[in-house]
Amino acid sequence: MNRKFPLYLLLVMLVASIAVSCNSDEEELIDSAPTVISGGTAITSFALEPDEDVLLNLDSVFFSIDLANRRIYNADSLPKGTDVSGLRISIEHSGASVEVVQVAGKVRPDTVFTLGETETDTIDFTGNVGLRVKAANGTEAYYYVKVNVHTQEPDSLYWNQLARRDLPFADGKVLAQKTVVYKEKAYSLVNSANAGLVLSCNENPYYNQWEKVDARFDFVPDVSTLEATGDALYILDENGSLYTSADGESWTSCGVTWCTMIGGYTDRVLGLQKQGSAYMHDEYPRKAGFASTEVDIDFPVSEASQFTYSELEWGVEPQGFIVGGITSDGKYRGDVWAYDGKAWSMIRSKALPSLAGMTVFEYVNYEKVAETTTYITHRAWFAVGGRNVKGLMNSDVYISRHQGLYWSKADQLLQMPDYIEPRCGAQAYVFETTHTRASDGGVWTSMPSKKLPVWARIDLPLSTRVSQDVSSWTSPYIYLFGGVNEDGNVCNEVWRGVLNRLTFKPII
């Protein structure tokens, strides 16, 4: 039988034993004073009863039981919009009886009842819920139970309009721009009508704190060809001569002339040179035994995607790849070309639409296991933007969970928003931001991290997102630089995007 209690009494019963707080993303559990749970008051198992009207496989949701701090919760929140106002629970415990205390719920605001008295009793988890376990000897223990539900779509790729910035040190119309990552810093070269040519760097774009580099160009650089390796910056001049710099300030000629810059690969930069009418593969500095070879007829000689590479599970050397671009006979292609440190090969023909100037970056993707509430974490590659043969910009986002081999159109939640203009020739990089909490338990703050994204160092991300006591955690943000719109104008923009679930404070 249900028994009604005054609100103030229920609050005293519940809050006196457990402290609760919340942040803007989802409910946060704050440790209450630890206690010793006797053998007669321990809860050893907790689950929700199945209810397909609420969520498929609701009973498969895993709940953690913290006996020391008397907390029961699901660290992996339920999908946004899940109705938790009338759920049944299944628990195992060592007590003689269990009372359910509900406070400030939307459906059942002030209620106490004994669990198991009736099969029709449900619990309203929209408010505060506690379980009071009574032992046969009269000992009691209170537990706070929280069913966490996302307040945002966790798998939505969110580009905050308020976080949009101009390109660094751009003044007036931007004539050209290129951004690379060198020694864990972003280096951005911008040529604008009023400021002229400015090279600047930033340890992390999160706070938009760019520092000018005293770049001394005694030649006219082709801004769009700026690239970086592990130990040097490279750029072509207006005539195709290759120059290099260790610090971005002083530049020296490499004595090489190229027609195309492809990208930096570990300790060397890759490009194409032209011998008569033939395009030839080249690299600088050349490794021992290197021999230049003529490019395949289907290999892009201009406007291929941003070059990217990473460690592979099956390879000794990192694999780099490019997608799309324009061939020597003027054809737009959608192939994937891979580089293994020695040679180029087409690993997938027509994997993507035929586009020039796509932007490719590595990020995280979550794949829901069918008919469950669990997800598989993937390293994934995203391809954004690009221009087709008619000059029209691509607005779709494509994704590969197979290290660039197979591609498909990304889910709607991962598509670019309407307020970001479609473009080609942009660059995208990922930087982590570390969120820390003051030692006295104060508010959370965000600090740029100098570290490379975690998936650049280990197989899968998130295993090191959070410290054991949740004193700090990281969120990887994507930064999209520049690009050219359909009118041929350089976009004076830096956008910051993130998968929503990666911004949620972890609950452990």
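Provided above is the structure to which this section pertains.
A brief report on the enclosed structure follows. (Residues numbered from 1 in each chain as written. Predicted model: local features only at pLDDT ≥ 70, side-chain atom pairs only at ≥ 80, totals over all residues. Heavy atoms only, no water.)

**Notes on the sheet that holds strand β21 (residues 268–275)**
Rules: Should DSSP find at least two bridges between two strands, the strands are taken to pair. Secondary structure elements follow DSSP: runs of H or I no shorter than four residues count as helices, runs of E no shorter than two count as strands, and numbering proceeds from the N terminus. To get an axis, fit a line to the C-alpha atoms, keeping to the stretch in contact for a helix; angles then go from 0 to 180 degrees between the N-to-C directions.
On the basis of which strands lie adjacent, the open sheet formed by three strands has the order β20-β21-β22 and antiparallel pairing. Of all the strands in the sheet, the pair left with one neighbour each is β20 (260–265) and β22 (278–284). Shown here is a sheet whose adjacent strand axes are inclined to one another by a mean of 25 degrees, direction ignored.

**What to know about the sheet that holds strand β32 (residues 408–409)**
Taken in spatial order, the four strands of this open sheet run β29-β30-β31-β32, and their pairing is antiparallel. The sheet is open, and its two edges are formed by β29 (359–368) and β32, each paired on a single side.

**Some details on the pairing of strand β10 (residues 140–146)**
To keep it simple, the criterion reads: Throughout this description, buried means an accessible area under 20% of the type-specific maximum (1.4 Å probe, protein chains only), exposed means over 50%, and partly exposed covers the range between.
The buried fraction of β10 amounts to five of the seven residues, a majority that puts the element mostly inside the structure. Where strand β9 (residues 128–134) meets β10, six bridges bridge the pair, whose relative direction is antiparallel. Residue pairing in the sheet places L131 in a bridge with Y143 of β10. Linkage of β9 to β10, two consecutive antiparallel strands, is achieved through a turn of five residues, within which G138 is found at a positive phi near 95 degrees.

**A word on the pairing of β9**
With five of seven residues buried, β9 lies mostly within the body of the structure. Where strand β7 (residues 97–103) and β9 come together, seven bridges link them in antiparallel fashion. Looking at the pairing, E99 lines up with R132 of β9.

**Focus on the side chain of T179**
Quick reminder of the rule: The definition of a polar contact used here is a pair of N or O atoms within 3.5 Å, where within protein one atom must be able to donate a hydrogen and the other to accept one, and adjacent residues in sequence count solely through side-chain atom pairs. By definition, residues are in contact when any of their heavy atoms lie within 4.5 Å.
Following the sequence through the fold, T179 ends up in strand β12 (residues 174–182). Here the side chain of T179 touches S188 through a polar contact of 3.0 Å, side chain to side chain. If near-sequence neighbours (up to four positions away) are discounted, T179 is found in contact with A186, Y187, S188, Q427, Y429 and F481.

**A short note on the nonpolar core**
Here is the rule we go by: By nonpolar core is meant a set of buried Ala, Val, Leu, Ile, Met, Phe, Trp, Tyr and Cys residues that side-chain atoms within 4.5 Å join together.
Counting residues in hydrophobic clusters, the biggest one holds 52 residues, and the most contacted among them are W159, Y187, Y363, F382 and I478. When residues of this core are assigned to their parent elements, the largest contribution, five residues, is made by strand β35 (residues 472–481). Setting aside its immediate chain neighbours within four residues, W159 contacts M416, P417, Y419, I420, I478, L480, W495, R496 and G497. Counting 27 residues, the second-largest nonpolar core is a separate cluster that includes I89, I123, V129 and A141.

**A short note on unusual backbone geometry**
The peptide bond linking Y284 to P285 adopts the cis configuration, its omega dihedral lying at -10 degrees. In this fold, P285 is placed in the loop between β22 and β23 (300–302). Phi at E303 is positive, roughly 55 degrees, even though this residue is not glycine. With respect to the secondary-structure elements, E303 resides in the loop between β23 and β24 (308–310). A relative accessible area of 34% means that E303 is categorised as partly exposed.

**With respect to the environment of K106**
Here K106 shows up in the loop between β7 and β8 (110–114). Once you skip the residues sitting within four places of it in the chain, K106 turns out to touch D124 and T126.

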